[in-house]
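# Chains, contacts and geometry: an overview
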Amino acid sequence: MNRVLSPGPRTGRVTVPGSKSRAHRLFLAAALGRTPVQLTCRGLSDDLLATLSCLEALGAQVENLKGDRFTLVPLSAPPAGEILLPCGESGTTLRFLLPLVGVLGAEAVFQRRGRLPRRPLEPLLAELTRHGMTIRAQGDDLFVRGHLTPGDYTLPGHISSQFISGLLLALPLLPGHSTLTLTSPPQSAPYIALTEQVLRQGGVKLRRGENAYAIPGGQGYALPSPQVVEGDWSAAAPFLCIGALRSAGVTVTGLTLPSLQGDSVLPALLEKMGAVVETSPQSVTVRAGTLRAITVDAGPIPDLIPPLCALCAVARGESRIRNARRLRDKESDRLQGVAELLNGLGGKLTVDGDDLRIFGVPRLQGGTADPRSDHRLAMTAAVAASACTGPVTVLDSDCVQKSYPAFWADYGQMTISR
Ligand SMILES: O=C(O)C1=C[C@@H](OP(=O)(O)O)[C@@H](O)[C@H](O)C1
Ligand SMILES: C=C(OP(=O)(O)O)C(=O)O
């Protein structure tokens, strides 16, 4: 559905959904444990529902679903025969479940939608194949069988941290000792820290050396119950950026500080740009200041970059987003996509190799924004509308379902304050 956004700065208060990254990991750890875990996660998104559907297909059970709360009953043995795993467009679901299916020795078909079949997977597939699994692509589906064996695994660190997280979650369940060596320094490193946090909470041990892990086998998950998933800093980002455009500001609740989520660095980045930030244990409020350009390394915070670019588009001076090549491998080519989307609304952005250069202008004009079916680009258009003089038409705005189904409802509740 196309959606027309009125121009102008917004003010209001928003409660964000539970962290998608933390929830994926907790759901897996719960499904692989011995006793049921009660989970509360505000605003389950399509990606999280995909993970839950796959875990159910593998034999776990979702029980007593009431609003945002449910009980996950662990899987014992996966059902015999070919199991269909509907991953939707979720990279995390696919990359985390591939090695786990090998641990379970299940025969499965990973179903991929949207851009997912074209996102990077090769290095992970090569390691899984080298360690006992058979993987065959047919159209958008991946046919997988075989038992994963313990041993020495090697992965590049700079393509997707999800390859690394997937192996770290699965290898401790194998009967023997494994190692995982990274051949290049990890990007998206905070996401690996989130994985290590859930492993610790599940009582799973591993030793981290420099770019290598030693992973004892024969372990199992024992996640304490209940678990309440903390708020999602990536989902909060568009609203916090909108707050920086108006002195009345925006308050976001449901977040935790400090948090291991890499995107929790946003308040510090906004302060550096000149916004006024107040944090309390319950909320974060961002208000306008005189916005100035910033230079940011996209490596640890890829999902923050699109909404931040909308703010940089109207900050004084030239902003630089460095090391942003991996933005090309997300639900869309976000490097090109964010530049074209904001330029279409009156911004001045250029892609310069792996960097983005953003030349701040006083106001954006508005127009049509094509998010390329990418939720983070659709939310970026919503930030941009707050800095526009004319309306913004967002094409295919429902793509926000991937991470934040209530996004437009929450956005619509803010008031436009001129
Ligand atoms: O592990 C995770 O939860 C994620 C890791 C990041 O991907 P990459 O490691 O591919 O950068 C991030 O962009 C994605 O939205 C979620
Ligand atoms: C890239 C994302 O998710 P995934 O890799 O899980 O598809 C995202 O949510 O921005």
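This one's a predicted model, so the numbers in the text were calculated from it and none came from an experiment.

Here the focus is the site of ligand 2. The full set close to ligand 2 counts 14 residues, and Gly 91, Thr 92, Arg 119, Arg 376 and Lys 402 are the nearest of them. Contact distances for ligand 2 include 2.5 Å between an oxygen atom and a side-chain N or O atom of Thr 92. Interatomic distance of 3.5 Å between a side-chain N/O atom of His 375 and an oxygen atom of ligand 2. In a pocket analysis with a 2 Å cut-off to the grid points, ligand 2 is assigned to the largest cavity. Within the residue set of the shell around ligand 2, elements represented by two or more residues are helix H3 (91-104) and helix H11 (375-385). Among the residues forming the shell around ligand 2, the class breakdown is no nonpolar, five polar and nine charged. Mapped onto the domain boundaries, the shell around ligand 2 takes at least three residues apiece from domain 1 (3-17 + 231-416) and domain 2 (20-209 + 222-228).

Taken as a whole, the protein chain is organised into domain 1 (3-17 + 231-416) and domain 2 (20-209 + 222-228). Look at where the C-alpha atoms of domain 1 and domain 2 centre, and you get two points 29 Å apart. Carbon and sulfur atoms make up 48% of the surface buried where domain 1 meets domain 2, a total of about 2000 Å² over both sides. Contact with domain 2 buries area across many residues of domain 1, yet Leu 260, Arg 326 and Lys 402 alone supply 32% of it, more than any other trio. For the pair domain 1 and domain 2, the number of links is one salt bridge. Here domain 1 and domain 2 share 14 residue pairs in polar contact (both at pLDDT 80 or more) between them.

Okay, the sheet that holds strand E21 (residues 355-359) next. Spatial strand order, E18-E19-E21-E20: four strands in an open sheet with mixed pairing. The open sheet terminates on both sides in strands that have one partner only, identified here as strand E18 (295-297) and strand E20 (349-352). With strand direction ignored, the average angle separating the axes of adjacent strands in the sheet is 15 degrees. Two elements, E20 and E21, share four bridges in a ladder whose sense is antiparallel. Its bridge partner lying in E21, Leu 349 is registered against Ile 358. This element, helix H10 (residues 334-344), spans E20 and E21 of the sheet and lies at about 160 degrees to E20.

Sequence positions flagged by UniProt for "binding site: 3-phosphoshikimate" (unreviewed entry) are, in local numbering, Lys 20, Ser 21, Arg 25, Ser 160, Ser 161, Gln 162, Ser 188, Asp 303 and Lys 330. Cross-referencing the annotated residues with the lining of the largest cavity gives Lys 20, Ser 21, Arg 25, Ser 160, Ser 161, Gln 162, Ser 188, Asp 303 and Lys 330. In this structure, Ser 161 sits in helix H5 (residues 161-170). According to the relative accessible area criterion, Ser 161 is buried, its value standing at 4%. Among residues more than four places away in sequence, those in contact with Ser 161 are Gln 187, Ser 188, Tyr 191 and Ile 192. Along the chain, Ser 188 turns up in the loop between strand E11 (178-182) and helix H6 (189-201). Residue classification places Ser 188 among the buried positions, given a relative accessible area of 4%. With near-sequence residues (within four places) excluded, Ser 188 lies in contact with Ser 161, Gly 299, Pro 300, Pro 302 and Arg 326.

Moving on, we come to the site of ligand 1. As a structural note, the neighbourhood of ligand 1 is formed by 13 residues, with Arg 25, Ser 160, Ser 161, Ser 188 and Asp 303 the closest of them. One of the side-chain N or O atoms of Ser 21 is found 2.8 Å from an oxygen atom in ligand 1. Residue Asp 303 places a side-chain N or O atom 2.5 Å away from an oxygen atom belonging to ligand 1. Here ligand 1, which alone exposes 390 Å², has 94% of that area covered by the protein. According to the grid-proximity analysis, the pocket containing ligand 1 is the largest cavity. Considering only residue class, the shell around ligand 1 consists of three nonpolar, five polar and five charged. When we break the shell around ligand 1 down by domain, the ones giving at least three residues each are domain 1 (3-17 + 231-416) and domain 2 (20-209 + 222-228).

The rules behind each value
Residues numbered from 1 in each chain as written. Chains lettered and ligands numbered in written order. Predicted model: local features only at pLDDT ≥ 70, side-chain atom pairs only at ≥ 80, totals over all residues. Heavy atoms only, no water. Near = heavy atom within 4 Å. Polar contact = N/O pair within 3.5 Å; in protein donor to acceptor, adjacent residues only side chain to side chain. 1 Å grid on protein atoms, 1.4 Å probe; cavity = no way out; pocket = protein on both sides within 12 Å on 5 of 7 lines; lining within 4 Å. Sits in = over half its atoms within 2 Å of the grid points. Helix = DSSP H or I, 4+ residues; strand = E, 2+ residues; numbered from the N terminus. Nonpolar A, V, L, I, M, F, W, Y, C, P; charged D, E, K, R; others polar. Domains from an automatic or database assignment. Buried area = accessible area lost by both parts, 1.4 Å probe. Salt bridge = Lys/Arg side-chain N within 4 Å of Asp/Glu carboxyl O. Pairing = 2+ DSSP bridges. Axes fitted to C-alpha atoms, helices over the stretch in contact; angles between N-to-C directions. Contact = heavy atoms within 4.5 Å. UniProt positions renumbered as here; feature names shortened; annotations may be inferred. Buried < 20%, exposed > 50% of the residue type's maximum accessible area, 1.4 Å probe, protein only. Areas by Shrake-Rupley, 256 points an atom, 1.4 Å probe, with all protein chains shown as cover.

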